[in-house]
Amino acid sequence: MKRLLFILPVVGFVGLLAVFFLGLGRDPRALPSVFIGKPLPAFATAPLRPGDTGLASTDFQKGEPALLNVFASWCGPCRVEHPVLMRLRQEGVVIHGLDWKEDAPAGLKWLTERGDPYVRAGNDPTGRTGIEFGVAGVPETFVIDKQGRVRYRHVGALTPEDWDQKIGPLMEQLRKES
Amino acid sequence: MLAEVGQFALILALLLALVQSAAPLWGAHRGDGVLMAVGRQAALLQAVFIVLAFGALAWSYVTCDFSVQLVAEHSHTSQPVAYRFAATWGSHEGSMLLWVLILAIYGAGVAFFGGTLRETLQARVLGVQGVIGAAFLGFLLFTSNPFLRLSPAPVEGTELNPLLQDPGLVFHPPLLYLGYVGFSVAFCFAVAALIEGRVDAAWARWVRPWVLAAWIPLTAGITLGSAWAYYELGWGGWWFWDPVENASLMPWLLGTALLHSALVLERRGALVSWTILLAILTFSLSLVGTFLVRSGILTSVHAFAVDPKRGVYILGILAVTTGLSLALYAWRAPAIRTGALFQPLSREGGVTLNNLFLTALTATVFLGTFSPVIIEMVNNDKISVGPPYYAKTFAPLAIPLLALVVFGPMLNWKKDEARKALVRLRIPLIVAGVVLAAALPFGGLKGIATAGGLALATWLIVGSVWILGRRWWSGRAYLGRSILTTPRSIVGLVVAHAGLGLLTLGITGVTSWESDKVLNMKVGESVAFAGRTLTLTDYALTEGPNYQAKTARFAVKGPTGAYDLRSEKRWFPSAQSQTTEAGIRVGPLGNLYVSIGEESDAGVIVRLWNHPLIVWIWIGGFAMAAGGAVSLSDRRLRVGAAVKTQPLVQPVPAE
């Protein structure tokens, strides 16, 4: 009986090891959005590009799945994902942008210097609109289906692997949905 | 060239570690003195080569050799030289190199100072150390080589994360690693004892100073980290229950338990197998911390670049070291003779209770840290565990432990009587009672907690100092001599326990009376806050060595006089990131903390905090470390003072 007590630590440790091993593959940053499956909250923002119409929730119900990319010129990882967005734009993916927590000139300068991947681009200098759909930081990318419902939320820079493995196939599937 | 020297030095160190893990273990088994001597030489030489490798990397950083990939990724010519040097351990690879460096230095310490140990014991300790060293050198060379070249070399490097460009970084990681890795010595002693199947007086005398030598820097490192987070992150908090903070707290809690149980083992020969288990678990928790930071299993503000491959390797090291040692424990520990018996109410009993509480606290933090992983695995729910969990679980366990701290040292070894112990403590009890009674009338339900916290802090401080008071009072006829002859271990105990009281005082103050205010301010505007008047006198662009800053200057008029405060938002163009420098007025009664945020038409956002007594949290933490250092300097604890022929259980007069 007493012997059993001495065996207990090693048994417990083996269990813990299994948990650690299984836990390794998961992505701790994959946060579900509370809006998954729900329509985007109604919003309308000022334009980022002068003379443009800005970005509103109605832009997403155009019968085509779209990405909503939240970015800012002051954000480092946005720089990393920018070339990926440019490539997707060339491939014909609809991407709308929301410039978060900065004034329009700064965001506009970013787009003119680096290229503009966005169909529509809105400006959210106070961060209010972002808060409506639960943006915690930039960059974040939401996948919106044909009916304007949020289907997926990606936190952090969008890498080519993320697109190939998760978001690309999801967009393909959404395109086929009626 | 230099990077290649470092690379070869590391490879040689790995080969030496392999020799060190085989020769002395086999030598001790066969009774071969030559093989055991080979182990000692290997440990010393290994340290020399790792120092060489570390020096090569540090020099590459200081001289901005961007042809080394790691340097190009974490250094920049405009970065001040102190931070270029500190950047050596600012990356995953560099910090692992620091890890093996410290491990090798501890190993060399055992080889160098261990002459008084039984030769087979020393050989086995070194052998186990060699296994750990080889595992981590392999990890470094095969998954995280710090010396990879970059061709063509860039003209300029990418700057080190600006948050890390702070004096805190220069000392915080080395101190923590001295602690984490230091516990490896106790671990090696534990495994060696299990291999030998016996624990003797030399073993017990050796383990405690090594545990103390690891515990002191860990305590100082955690305290420093907390202070650093407070002034650098700009969030105005001192502890966030972040997974990585927890990773350092867990070995600290269990290491504290080990420190106390090793004391009982040393003095009374009791708690033998429990101490061995604690030694294994404490170092294992250090390894778990390493795993947690580098595998990406949890998110944290401090996590290194996430790489599951590295996670698998560290998990392998953890599985082998902890798994094998616990299996060895299950097999051999039941055969190890249990030590002297004691009554429940005795100093040994007090330490046992202390150990139970500390182990329970460790389990609490462990569950809080890893339950997100476990729960997601079970039902795919994402949860996040925050301060409310710890307020419900950690605090109710910590408070009784703090109340018990004063009793322990007042109890006699072996057996004691409750009534006599209470009489010995009547003065601290009365003082704490008076504080409780005086503080209770203020405030409602929250007031009770505050009064309780103040009384607890008083109890800890007065009760600890009272140990000296009693001692000197009974020797008052020769006061000078009785002060001079007080053993340093007792002074250390008093300082460390009183430090815990100061920590309690700080926590009570800041949780009870903290206040804050957020507002928009324009230059010239004033605001009244926490008995002070703040005026924003200036808001302008300024230039630093490698950053541009928006600097806000405040003139403050308060009860302690008038002074200026400055808060900055720094923009580091080459690192493309931003940090906040808070303006802090530190005072014994409380800190005024000012940090600026975004700008708008209404002015700049200013956050003000009043943190009463907060500075005592860190003073308390450093006092605990200082107490440990005083205790370590005690003659009776000096490493190597062991006498081989001493019996394990020796009568110790009650103090």
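Residues numbered from 1 in each chain as written. Chains lettered and ligands numbered in written order. Predicted model: local features only at pLDDT ≥ 70, side-chain atom pairs only at ≥ 80, totals over all residues.

Peer 1: Even after reading the chapter, I still don't get the overall build of chain A, so can you show me in this structure?
Peer 2: Counting its secondary structure elements, chain A contains five helices and six strands. For chain A, the N- to C-terminal ordering of α and β elements is α-β-β-α-β-α-β-α-β-β-α. Taking 178 residues into account, the globule formula puts the C-alpha radius of gyration at 16 Å, and chain A, at 21 Å, lies well above it. Seen along its three principal axes, the alpha-carbon backbone of chain A occupies a region of about 80 × 40 × 30 Å. Looking at the 178 residues of chain A, the share that counts as buried comes to 33%. Contacts spanning at least 24 positions in sequence make up 75% of the contacts within chain A whose residues lie at least 6 apart. (Helix = DSSP H or I, 4+ residues; strand = E, 2+ residues; numbered from the N terminus. Rg over C-alpha atoms; globule rule 2.2 N^0.38 Å. Buried ≥ 20, exposed ≤ 12 C-beta atoms within 10 Å, placed from the backbone. Contact = placed C-beta atoms within 7 Å.)

Peer 1: How do you make sense of the overall build of chain B when you look at a structure like this?
Peer 2: Looking only at helices and strands, chain B features 20 helices and nine strands. Relative to the 2.2 N^0.38 estimate, which gives 26 Å for 655 residues, the radius of gyration of chain B is 26 Å and therefore close to what a compact globule would have. Reported as C-alpha extents along the three principal axes, the dimensions of chain B are approximately 80 × 75 × 60 Å. Relative to its full complement of 655 residues, chain B shows a buried share of 52%. If you take every contact in chain B between residues at least 6 apart in sequence, the share linking residues at least 24 apart comes to 75%.

Peer 1: Can you walk me through unusual backbone geometry in this structure?
Peer 2: Note: most peptide bonds trans; most residues except glycine with negative phi. All names here are of chain B. The step from serine 151 to proline 152 runs through a cis peptide bond, and the omega angle for that step is -5 degrees. Even without being glycine, tryptophan 241 reaches a positive phi, approximately 55 degrees. Examined against the element boundaries, tryptophan 241 turns out to sit in the loop between helix H8 (201-232) and helix H9 (243-268). Looking at tryptophan 241, the number of C-beta atoms within 10 Å reads 19, which means it is partly exposed. Of note, the phi angle at leucine 271 is positive, near 60 degrees, even though the residue is not glycine.

Peer 1: Is there a simple way to think about the domain arrangement of chain B in this case?
Peer 2: Many authors give the size of an interface as the accessible area that is lost as the parts come together. Its domain assignment divides chain B into domain 1 (1-160) and domain 2 (515-612). The C-alpha-based centres of domain 1 of chain B and domain 2 of chain B are spaced at 43 Å. (Domains from an automatic or database assignment.)

Peer 1: Explain the nonpolar core to me, please; I cannot follow it from the model alone.
Peer 2: Val100, Ala186 and Phe189 of chain B are the most contacted members of the largest nonpolar core, which has 207 residues in total. When residues in this core are grouped by element, the largest group, 19 residues, is from H8 of chain B. When sequence neighbours within four positions are dropped, the list of residues in contact with phenylalanine 189 of chain B reads Val125, Trp203, Trp206, Val207 and Ala279 of chain B. Ranked by size, the runner-up nonpolar core spans 24 residues in total, among them Leu67, Tyr118, Ala121 and Val138 of chain A. (Core = buried A, V, L, I, M, F, W, Y, C linked by C-beta atoms within 7 Å.)

Peer 1: What exactly am I supposed to notice about the packing of H9 of chain B against helix H10 (residues 272-295) of chain B here?
Peer 2: Packed helix pairs are specified by the crossing angle of their axes together with the interaxial distance, meaning the distance between the axes. Residues and elements named next belong to chain B. Axis separation between H9 and H10 bottoms out at 9 Å; the angle between their running directions is 165 degrees. It follows that H9 is roughly antiparallel to H10 by the angle criterion. Once H9 is placed against H10, the crossing between them reads as left-handed. (Axes fitted to C-alpha atoms, helices over the stretch in contact; angles between N-to-C directions. Parallel < 35°, antiparallel > 145°, perpendicular 65-115°, else oblique. Left-handed = near helix turned anticlockwise from the far one by under 90°.)

Peer 1: Got a minute to help me understand the sheet that holds strand E4 (residues 548-558) of chain B in this structure?
Peer 2: Residue and element names in this part refer to chain B. Within the open sheet, the five strands sit side by side as E2-E3-E4-E5-E6. Their pairing is antiparallel. Here the strands that pair on one side only, and so sit at the sheet edges, are strand E2 (526-529) and strand E6 (577-581). Neighbouring strand axes in the sheet, compared pairwise and without regard to direction, differ in orientation by 25 degrees on average. In the sheet, E2 pairs with strand E3 (residues 532-543) via four bridges, with the strands oriented antiparallel. By the bridge assignment for E3, valine 527 is matched with leucine 534. (Pairing = 2+ DSSP bridges.)

Peer 1: For this particular structure, what's the right way to read the pairing of strand E4 (residues 121-124) of chain A?
Peer 2: Each regular strand shows side chains that alternate between the opposite faces of the sheet. Residue and element names in this part refer to chain A. The two faces of E4 match: Ala121 and Asn123 on one face and Gly122 and Asp124 on the other face are all buried. Across two bridges, strand E1 (residues 46-47) lies against E4 in antiparallel orientation. Bridge pairing in E4 places alanine 46 opposite asparagine 123. Judged from the four bridges that link them, strand E3 (residues 95-100) and E4 form a sheet pairing that is parallel. Bridged to leucine 98 within E4 is glycine 122. With helix H3 (residues 104-114) bridging E3 and its parallel neighbour E4, the resulting β-α-β unit is right-handed. (Right-handed = clockwise from strand over helix to strand, strands pointing away.)

Peer 1: Is there a simple way to think about the packing of helix H12 (residues 347-379) of chain B against helix H13 (residues 387-405) of chain B in this case?
Peer 2: Residues and elements named next belong to chain B. Packing of H12 against H13 leaves a shortest axis separation of 10 Å and a crossing angle of 165 degrees. Overall, the two elements H12 and H13 adopt an arrangement that is roughly antiparallel. H13 is crossed by H12, and the crossing has left-handed handedness. Contacts from Gly350, Leu353, Asn354, Phe357, Ala360, Leu361, Thr364, Val365 and Gly368 of H12 reach H13 at Tyr389, Tyr390, Thr393, Phe394, Leu397, Ala398, Pro400, Leu401 and Leu404. Split by residue class, the contact of H12 with H13 holds 13 nonpolar, five polar and no charged. (Nonpolar A, V, L, I, M, F, W, Y, C, P; charged D, E, K, R; others polar.)

Peer 1: Honestly, the sheet that holds strand E1 (residues 515-521) of chain B in this entry has me stumped. Any pointers?
Peer 2: To summarise the sheet geometry, strands pair through backbone hydrogen bonds and adopt either a parallel or an antiparallel arrangement. Residues and elements named next belong to chain B. Read from one edge to the other, the open sheet built from four strands follows the order E1-E9-E8-E7, with strand pairing classed as antiparallel. Each edge of the sheet is formed by a strand with only one pairing partner; in this case those strands are E1 and strand E7 (583-585). Each strand axis lies, on average, 15 degrees off the axis of its neighbour in the sheet, ignoring direction. Direction of pairing for strand E8 (residues 590-600) relative to strand E9 (residues 603-612): antiparallel, over a ladder of nine bridges. Note that in E9 the partner of serine 595 across the bridge is arginine 607.

Peer 1: Explain helix H2 (residues 33-62) of chain B here, please?
Peer 2: The terminal C-alpha atoms of H2 of chain B, which comprises 30 residues, lie 44 Å apart, in line with the 44 Å expected from a rise of 1.5 Å per residue. Among the residues trailing H2 of chain B, cysteine 64 of chain B stands out with phi positive, at a value near 55 degrees. (Expected span 1.5 Å × (residues − 1).)

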